[in-house]
Amino acid sequence: MSTPAANLKINSSRLWDSLMEMAKIGPGIAGGNNRQTLTDEDAEGRELFQKWCDKENLEMGVDKMGTMFARREGTDPNALPVYVGSHLDTQPTGGKYDGVLGVLGGLEIIRTLNELDIKTKHPIVVVNFTNEEGTRFAQKGCSRKNVWRRNQAHRMDW
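Overview of the structure. Values in this document were obtained by computation on a predicted structure and should not be read as measured data. Per chain, the residues get numbers from 1 upward, laid out in the order the sequence is written. At least 70 in pLDDT is required for a residue's local features to be given in this predicted model, at least 80 for side-chain atom pairs to be given and counted, and no such filter applies to totals for whole chains, interfaces and linings, which use all residues. As a convention, hydrogens and water are excluded, and side-chain values are obtained from all of the structure's heavy atoms.

## Observations regarding the nonpolar core
- In this description, a nonpolar core means a group of buried Ala, Val, Leu, Ile, Met, Phe, Trp, Tyr and Cys residues linked to one another through side-chain atoms lying within 4.5 Å. Each residue gets one of three labels from its accessible area relative to the maximum for its type: buried under 20%, exposed over 50%, partly exposed in between, using a 1.4 Å probe on protein chains only. Met22, Phe49, Leu104 and Leu107 are the most contacted members of the largest nonpolar core, which totals 21 residues.
- Of all the secondary structure elements, the ones that give two or more residues to this core are α1 (12-23), α2 (40-55), β2 (68-72), α3 (100-115) and β4 (124-128).
- By definition, residues are in contact when any of their heavy atoms lie within 4.5 Å. Look past the residues within four positions of Leu107 in its chain and what remains in contact with it is Phe49, Trp52, Cys53, Glu56, Leu58 and Val126. What counts as a helix is a DSSP run of H or I of at least four residues, what counts as a strand is a run of E of at least two, and both are numbered from the N terminus.

## Section: the pattern of salt bridges
- Salt bridges are identified by distance alone: a Lys or Arg side-chain nitrogen within 4 Å of an Asp or Glu carboxyl oxygen. Taken as a whole and judged by the stated rule, the model has 6 salt bridges.
- Measuring nitrogen to oxygen at the nearest pair gives 3.9 Å for the salt bridge that ties Glu108 to Arg111. Residue Glu108 and its partner Arg111 are located together in helix α3, separated by 3 residues, close to a single helical turn.
- When its relative accessible area of 0% is taken as the criterion, Glu108 is described as buried.
- Asp117 is the partner of Lys119 in a salt bridge, and the nearest nitrogen-oxygen pair spans 2.9 Å.
- Assessed through its relative accessible area of 36%, Asp117 is described here as partly exposed.

## Remarks on the sheet that holds β2
- At least two DSSP bridges between two strands are needed for those strands to be called paired. With respect to topology, 4 strands assemble into an open sheet ordered β1-β2-β4-β3, the strand pairing being mixed. Since the sheet does not close on itself, it has two edges, and those belong to β1 (59-62) and β3 (82-86), each with one partner. Averaged over all neighbouring strand pairs, the angle between strand axes comes to 20 degrees, with direction disregarded.
- Of the strand pairs in this sheet, β3 and β4 are connected by 5 bridges, and their pairing is parallel. Counterpart to Gly85 in the pairing with β4 is Val127. Where helices are involved, their axes are fitted lines through C-alpha atoms of the stretch in contact, as for all axes, and angles between N-to-C directions lie from 0 to 180°.

## Side note on α1
- Here the expected length of a helix is defined as 1.5 Å per residue gap, with one fewer gap than residues. Spanning 12 residues, α1 covers 16 Å between terminal C-alpha atoms, matching the ideal 16 Å at 1.5 Å per step.
- If you check which residues of α1 are buried, you get Leu15, Ser18, Leu19, Met22 and Ala23. All buried residues of α1 fall inside an arc of 135 degrees around its axis, so they share one side.
- Next to the buried residues of α1 lie α2 and α3.
- By the N-cap criterion, in which a side-chain oxygen at the helix start approaches the backbone nitrogen of a residue two or three places on, α1 is capped by Asn11, the distance to Ser13 being 3.2 Å. What the arc measures is the spread of directions leading from the helix axis to the C-beta atoms. We call two N or O atoms a polar contact when they sit within 3.5 Å, provided that within protein one can donate a hydrogen and the other can accept it, with sequence-adjacent residues counted only if both atoms are side-chain atoms.

Structural measurements only, silent on function.
The structure is reproduced here in structure tokens:
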């Protein structure tokens, strides 16, 4: 296991390439994206994210709202997970980075840790929330609110 360096850095070129590959899915106006929740384009983006997570040996869970949880185990089985992420879906005239940077930035953290063989005490979970933007379905961020609500409307089923 490597010792973390004081100035540990991600691979910014790889992150950029991932952002640009995701941006090819659902091209929108003025260089943005149109990858609305639960459309074919959103499904294609989710499949690409799943492929990248599989390559990093992450355990994928999906809750009843469709939110994806890509988990990298830590060394302490009793440690609570650290969550990072956002959403891959967009508004009809969404930008390339809103939400997507949070998800793919989280994945890049995992890639860097794996590449350097750095183990973490806590599990790390990269989250892709469903309907975060609220464009197609009422209640913006409904999956985020249900996941983190104290009295959850549903329980994660993974």
